[in-house]
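Letter by letter, the chains look like this.
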Amino acid sequence: MLAPPAHAQSAPGAPQQLTDTLGSLESARIASSWVDRQGSAGIDQAVQAAPDFQPARPGAIHKLGPHAALWLHLRLQRAPGQRQAWLLKFPMPTLDHVTVFQHGPAGWTAETAGDTIAVARWPERGRYPFFRLDLPHGEARDVYVRIQHEAAADFAAVLTTASTHSEQVQREYLGLGAVFGAMLLLIVACAARSWVYRDAVFAWYAVYAALTTLAVASFTGVAPHLLWPGFGALRDAPTPMLACAAVGAAMLFVRTTLGLRRRLPVQDAGMQALGIAGLALALAPAFLPKSVHLPLVGGYMTAASVAGVLIAAAAWWRGDTVGRYVFAAQLPMVVAVVATVFRALGWADVPFVSQYVVVLGLTIEVPLMLVALFIRARDRHSAEIREQALSTQDALTGLLAPHLFQDRLRQVVARHRRDGESAAVVYIDLVNHGRIREAFGGAAAEQSLLRSVIKLRRLLRDVDTVSRVGEARFGVILEGASSRASVTERAARLIAAGLMPLPGLKPDVTLQFHIAALLLNERALEADAVQAALSAQLARMSPRTRRPIRFIAPEQQLSDPPVDSSMFAPDIDLDSDPVTGVRRRPDLTAVG
């Protein structure tokens, strides 16, 4: 508080009449300004320097540096009969230091706020500084403002009524609350997904999104106002620290999402280095003066952000669908961040970039990055499913793998011994598979196997187990089958289907099947013995046998001599000479 005589030296001028209908008014239109290059002038010197004040220029960018101070002078008068109180606000959450001097009956009074002071010590708590003006009805009052801010900026002070300000704050927090609430929901959902599915990628996304959201909350003043209003030990360092850490986390997350290690190894190493550098550089604002860390952090954020967009564009150009989403997510935020940095450091006189543009970039970036993550997770999940399928299914036919067929057979045999549930085990050979390969090549041979699977599927139930147990051999378990008739009926239909030519198929190849079967209610063998008996039965069958369907003999027939003709009799090779017993040489006819 200073002595009243200093006020007498202020230059007289017509005061600005303030009425309730005005609502709000940009102070630059009615204020005069003066730059104290040394930054040492107090209110007395500012009043004495009234002749040096010049009309303020709306939208002017001031580069004050670490020492200079900008003074504004307003002469105001509230019109008689007006009900609304008036405020002077500075809608700039990152404003370093601002002091408002008002002259009253007791002399000059000063109130101070700014990013370098804990919000709890401000005269009025909020996202950005604002001050209540003491304006008696019909009395002109002088108001002086002293601003210190190292980065280049446009200090847009606004005169507003209390009701207008209250409505504006409610609208601002409504929009910001919706954005940050949605971000928090995404973060919690991804953290929960990572915990439930043990997927570390979604945990990394939650960390990246949390850092980015917290950095934007600090930049918009929400975090200092609501999260740490009493913390002022680091002054204005939390905002650049969080911004730097958020950019570093974004680089690491983009690297992981794009999967650069295999596709672009050089760029992958560069993105990793940028990400680690950002996390390390985030500590610099806490220890270095602002004149040193601000260009350092600004340069890093610009270089890393542009590099991330270029890498995403390169991945998109190479045909990566995820790259398109990462590019679309990063571009708006990068444009807003780079423009803000360039203007703050005075590198370019870019148009004004509102804090809400950065918020808009956040609302675009984080959800689109989640979309990119889901696409990458889907691709990775599909690859894992295919990898798992290779261990459980045959790669060509999609049938059950042999080791799983053996496990299933052991279960069926055990259940038959325990509960008496019957089942039939059938081995099927495509006997002309080798001749098809020799005559028409590997493609035709693989096609014949696929045709065999299709014909098998048409004859089997969903509960039946079918597997490819050899190069051209299939194993089938018919659960519940207790008679040879049901097995023979299906086997005969399969043989008939194989011999029917497929119209339009080139080459015209028929399929010749040999089938060996065993009923567990006739021969209760162990699983390995069942497979060995069926394989031996197929091995004894001639390629041109007249009995392509054969059964393993029942238990009671083991000591009986083999009988001769029945399809269900033990194996008798009818292709041997009845006199000499020497097997005839098979007639090598055309493949079919």
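The structure we're discussing is the one just above.
Attention here is on the structure that accompanies the text. For clarity, every value in this text was computed on a predicted model and none was experimentally measured.

Calculation notes
- Residues numbered from 1 in each chain as written.
- Predicted model: local features only at pLDDT ≥ 70, side-chain atom pairs only at ≥ 80, totals over all residues.
- Heavy atoms only, no water.
- Pairing = 2+ DSSP bridges.
- Helix = DSSP H or I, 4+ residues; strand = E, 2+ residues; numbered from the N terminus.
- Axes fitted to C-alpha atoms, helices over the stretch in contact; angles between N-to-C directions.
- 1 Å grid on protein atoms, 1.4 Å probe; cavity = no way out; pocket = protein on both sides within 12 Å on 5 of 7 lines; lining within 4 Å.
- Points joined across faces, edges and corners; volume = space filled by probe spheres on them.
- Buried < 20%, exposed > 50% of the residue type's maximum accessible area, 1.4 Å probe, protein only.

What about the sheet that holds strand β2 (residues 24–26)?
An order of β2-β11-β6-β9 is seen for the four strands of this open sheet, with the pairing classed as antiparallel. Each of the sheet's edge strands pairs with one partner strand only, and the pair in question is β2 and β9 (130–132). Taking each pair of neighbouring strands and ignoring which way they run, the sheet shows an average axis angle of 20 degrees. Note that strand β6 (residues 86–89) and strand β11 (residues 158–161) share four bridges and pair antiparallel.

A closer look at the sheet that holds strand β13 (residues 465–468)
What links the strands of a sheet is backbone hydrogen bonding, and the strands pair in either a parallel or an antiparallel sense. Read from one edge to the other, the open sheet built from five strands follows the order β13-β14-β12-β15-β16, with strand pairing classed as mixed. Each edge of the sheet is formed by a strand with only one pairing partner; in this case those strands are β13 and β16 (549–551). Adjacent strand axes in the sheet meet at a mean angle of 20 degrees, parallel and antiparallel pairs treated alike. Examined bridge by bridge, strand β12 (residues 423–430) and strand β15 (residues 513–519) share seven bridges and lie antiparallel to one another.

Some remarks on the layout of surface pockets
Roughly 550 Å³ of internal volume is contained in the second largest pocket. What lines the second largest pocket is a set of 13 residues, among which Thr 256, Gly 259, Arg 262, Arg 376 and Arg 380 lie closest to the centre. Only α6 (238–258), α7 (260–263) and α12 (355–392) provide two or more residues apiece to the lining of the second largest pocket. If you tally residues by element for the lining of the second largest pocket, the top one is α7, at four residues.

Here we look at the pairing of β12
Within a regular strand, the side chains alternate between the two sheet faces. Counting buried positions over the eight residues of β12 gives eight, a clear majority of the element. Sheet topology note: the β12/strand β14 (residues 473–479) ladder contains seven bridges and is antiparallel. Bridge assignment links Val 426 to a residue of β14, and that residue is Val 476.

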